[in-house]
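Residue-level structural notes
As a plain string of letters, each chain reads:
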Amino acid sequence: MARKRLAAVALAVVASLGLAACNSNGSSPTGSGTAGTPVSGGTLNMLGAQDVDFMDPNISYYSVGYLSLRLWSRQLFTYPAEPGGKNTTPVPDIAPEIPTTANGGISADGKTYTIKIRPGVKWSTTPARQVTAADVVRGIKRTANPKQPFGGIPDFHDLITGYAAFADGFAKAAVTVAGIKEYIDKTPLPGVEAKGDDTVVFHLNRPASYFVDMLTMPALSPAPVESLDYLPASTELGNHFPSDGPYKVDSWVPSKSINYSRNPAWDPASDPVRKAYVDKVVVKEGLTQDSVQQQLQTGEASADMEFDLAPAASQIPALQAKKDPNLSIGDTASTNPYILFNTVSPNNNKALANPKVRQAISYAINRDNILQVLGGKTLNPPLTHVLPDVITGSKQIDPYPYDPAKAKQLLAEAGYPNLTLKFLYRNATEGSNKTFQTVQQDLSKAGITVTGVPSPNSDFYVKYLQVPSVAQKGVWDVSLSSWGADWYGNGALSFFNPLFSGEPSFPPVGSNFGLYNDAETNALIKQAIAAPTTDSAAELWAKADARVMDQAAFFPLTNNKQANYHAAQVHNTIYVPSLQNFDPANVWLAKDKQGG
């Protein structure tokens, strides 16, 4: 992600609303500085407000988590830091080549993938140890752990042979270090098979032309045996997870700081993607948008790049007007942000369970007003349905043009003329604050009262959205989230499966935070997944899109542009959409400002 996907994602102008990795349509962002002779050394100082979701490759599903993992975790395939739109096409990482039918990597029926492991890729253990096929198997098994399963499991739950049964069994394992280790060690996963140390074989239930793209997700990264010595997604694991990338985590103090230094086991000859010019990376958290932007613009040696933040929406027009070379505006393929409805809220006599009520609220939301406070339509082109236009199956529809009179009519017809909605938002983020205030004002014109439920950034997902019982108790009725495809092109599955596929997509294994469950939507998703051709799948995804919108499962706002800013001393700042930022593993610092 997300993904990003999660998905998911860090918003450009809203600043870090979402999960999962969001993705680009391949166009080149402005402001990507690649000129000059690279300089090695120094400390890259990254500044942010909040933290990664998890310092765990097999669990993280947040663009900021992906940004961190870029430094110390490698995948079979990944997206490169290359200008000119090439950073949306997978390239080999731990694998030495892209599998095809011609090179024997993909079987004739498209259901078996045989992938080699590149020699020289090593863990930062003592002594250093080669990454093996068994590590790949272990990493994928870890995604299903009962302590904190990966949030994008719906992407591959029914694709990898035997995964569903494996996950079902894992859910019953003891939620202890010993219980998790025993289940992983003793329970086979038929769809992921180690053939010796250097070959991993994937068995799929159906052909999936996007499988290589799927394998770029950090969740499907290898995991060393040492990862089983700690609970998944724990702070202890985050401080002890061996690295196979150019850097290692020296210390992680959640919500405060992260320190990385060079991994002595990393061999640059084994890594075609990361150049690792700087010696250290230091992340400082707990800062504000304004203070970070000020430090970056004044060129302090201790301020180089954003971590999870971005320039505030109010500052971007001025930066664009003066053509600031340190500003980057990149495309995404996302729904970022969107307004989320809690379909199981007990509030208002369970009004939000009624699609007509959700339709009424949708008519009462003025999308244009929200986009204006997020920086305008140049940075936030409107999105009126589920799929962004670069995703297969996207079809232009606009079912809820702003109409407060229509909203009042539908509420009366549904028997809920007076609603009071609890809006969960991040009070430390400008875009989230302004969106809440705008929705509050606009819905009042339809007779709907909106009250705020402010949340610290660090609690927003882990204590609210990712906990179904919080939704079921009615702690919130309406909120904000965001999403982007976990891969490009034929990536509709990574929108619908994690967000709208009913109970299998409920958190924590999915990101259907509003617990939307509609039999017709679920059927259309299954039909689209099973479609024999891309064209037939596209038609079914379009129908699923229309159904989700008819049921008003959510209210999309924009397929936003992603803004990022860096200090003048930072070079080779190439925007990688899956990271929603410049690639920190490939930037270098000017000799006279190498941090500290």
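Note: the structure precedes this text.
Thresholds applied
- Residues numbered from 1 in each chain as written.
- Predicted model: local features only at pLDDT ≥ 70, side-chain atom pairs only at ≥ 80, totals over all residues.
- Heavy atoms only, no water.
- Helix = DSSP H or I, 4+ residues; strand = E, 2+ residues; numbered from the N terminus.
- Contact = heavy atoms within 4.5 Å.
- Polar contact = N/O pair within 3.5 Å; in protein donor to acceptor, adjacent residues only side chain to side chain.
- Phe/Tyr/Trp six-rings, centres within 6.5 Å; stacked < 30°, edge-to-face > 60°.
- Pairing = 2+ DSSP bridges.
- Core = buried A, V, L, I, M, F, W, Y, C linked by side-chain atoms within 4.5 Å.
- Buried < 20%, exposed > 50% of the residue type's maximum accessible area, 1.4 Å probe, protein only.
- Axes fitted to C-alpha atoms, helices over the stretch in contact; angles between N-to-C directions.
- Parallel < 35°, antiparallel > 145°, perpendicular 65-115°, else oblique.
- Left-handed = near helix turned anticlockwise from the far one by under 90°.
- Nonpolar A, V, L, I, M, F, W, Y, C, P; charged D, E, K, R; others polar.

Relative to the elements of secondary structure, glutamate 306 occurs in strand 12 (residues 305–306). The residues contacting glutamate 306, other than those within four sequence positions of it, are Met46, Leu47, Val292, Gln293, Leu296, Pro311, Asn564, Tyr565 and Asn581. Within the local environment of glutamate 306, its side chain forms a polar contact with the backbone nitrogen of tyrosine 565, the two atoms lying 3.0 Å apart.

Bringing the packing of aromatic side chains into the picture now. Scanning the entire structure with this criterion turns up 21 aromatic pairs. Put simply, the rings of Tyr338, Phe496, Phe500, Tyr516, Trp541 and Phe554 pair up and form one aromatic cluster.

A few words on the side chain of serine 479. Inspection of the secondary structure puts serine 479 in strand 17 (residues 478–484). Polar contacts involving the side chain of serine 479 include one to the main-chain carbonyl oxygen of leucine 424, which spans 2.9 Å. Leave out the neighbours within four places in its chain, and serine 479 touches Tyr338, Ile339, Leu340, Phe423, Leu424, Phe460 and Leu465.

Once that is clear, we can look at the sheet that holds strand 1 (residues 43–47). Pairing in this open sheet of five strands is mixed, and the strands run 9-10-11-1-12 from one edge to the other. Only two strands of the sheet have a single neighbouring strand rather than two, namely strand 9 (247–253) and strand 12.

A few words on the nonpolar core. Counting residues in hydrophobic clusters, the biggest one holds 169 residues, and the most contacted among them are Phe202 and Phe496. Apart from residues no more than four positions distant in its own chain, phenylalanine 202 is found in contact with Leu76, Lys111, Thr112, Tyr113, Ile115, Val136, Ile140, Gly191, Val192, Phe211 and Leu215.

So, on to the packing of helix 3 (residues 163–170) against helix 4 (residues 177–186). The geometry of helix 3 relative to helix 4 is characterised by a closest axis approach of 11 Å and an angle of 155° between their N-to-C directions. Between helix 3 and helix 4, the angle is such that the two are roughly antiparallel. Where helix 3 crosses over helix 4, the handedness of that crossing is right-handed. When helix 3 is examined against helix 4, the residues Ala165, Phe166, Gly169 and Phe170 are found in contact with a partner set consisting of Ile180, Tyr183 and Ile184.

Attention shifts here to the pairing of strand 11 (residues 280–284). Sheet analysis places strand 1 next to strand 11, joined by five bridges and oriented parallel. When the sheet's bridge partners are listed, asparagine 45 is paired in strand 11 with valine 282. With five bridges connecting them, strand 10 (residues 257–262) and strand 11 associate as antiparallel partners. Note on strand 11: the bridge partner recorded for tyrosine 260 is valine 281.

Further remarks concern the pairing of strand 14 (residues 334–341). Counting buried positions over the eight residues of strand 14 gives eight, a clear majority of the element. Pairing analysis gives three bridges linking strand 14 to strand 18 (residues 554–556), with the strands arranged antiparallel. Following the sheet pairing, isoleucine 339 is matched in strand 18 by phenylalanine 555.

In a pair of packed helices, the angle between the axes and the distance between the axes together describe the arrangement. In contact at an axis separation of 11 Å, helix 16 (residues 493–500) and helix 17 (residues 519–530) are set at 145° when each is read in the N-to-C sense. Seen along the crossing, helix 16 lies across helix 17 with a hand that is left-handed. Residues Leu493, Phe496, Asn497 and Phe500 of helix 16 pack against Thr521, Asn522, Ile525 and Ile529 of helix 17. Partitioning the contact of helix 16 with helix 17 into residue classes produces five nonpolar, three polar and no charged.

What follows covers the environment of tyrosine 210. By the element assignment, tyrosine 210 lies in the loop between strand 8 (199–203) and helix 5 (211–214). Ignoring any residue separated from it by four or fewer positions in sequence, one finds tyrosine 210 in contact with Leu159, Trp487, Asn490 and Leu493.

So, on to the sheet that holds strand 4 (residues 112–116). Taking strand neighbours across the sheet as the criterion, the three strands line up as 4-8-7 in an open arrangement whose pairing is antiparallel. Looking at which strands have only one partner, the edges of the open sheet turn out to be strand 4 and strand 7 (192–194). With direction set aside, neighbouring strand axes in the sheet form an average angle of 20°. Contacting strand 7 and strand 8, helix 2 (residues 133–142) crosses the sheet at an angle of about 155° to strand 7.

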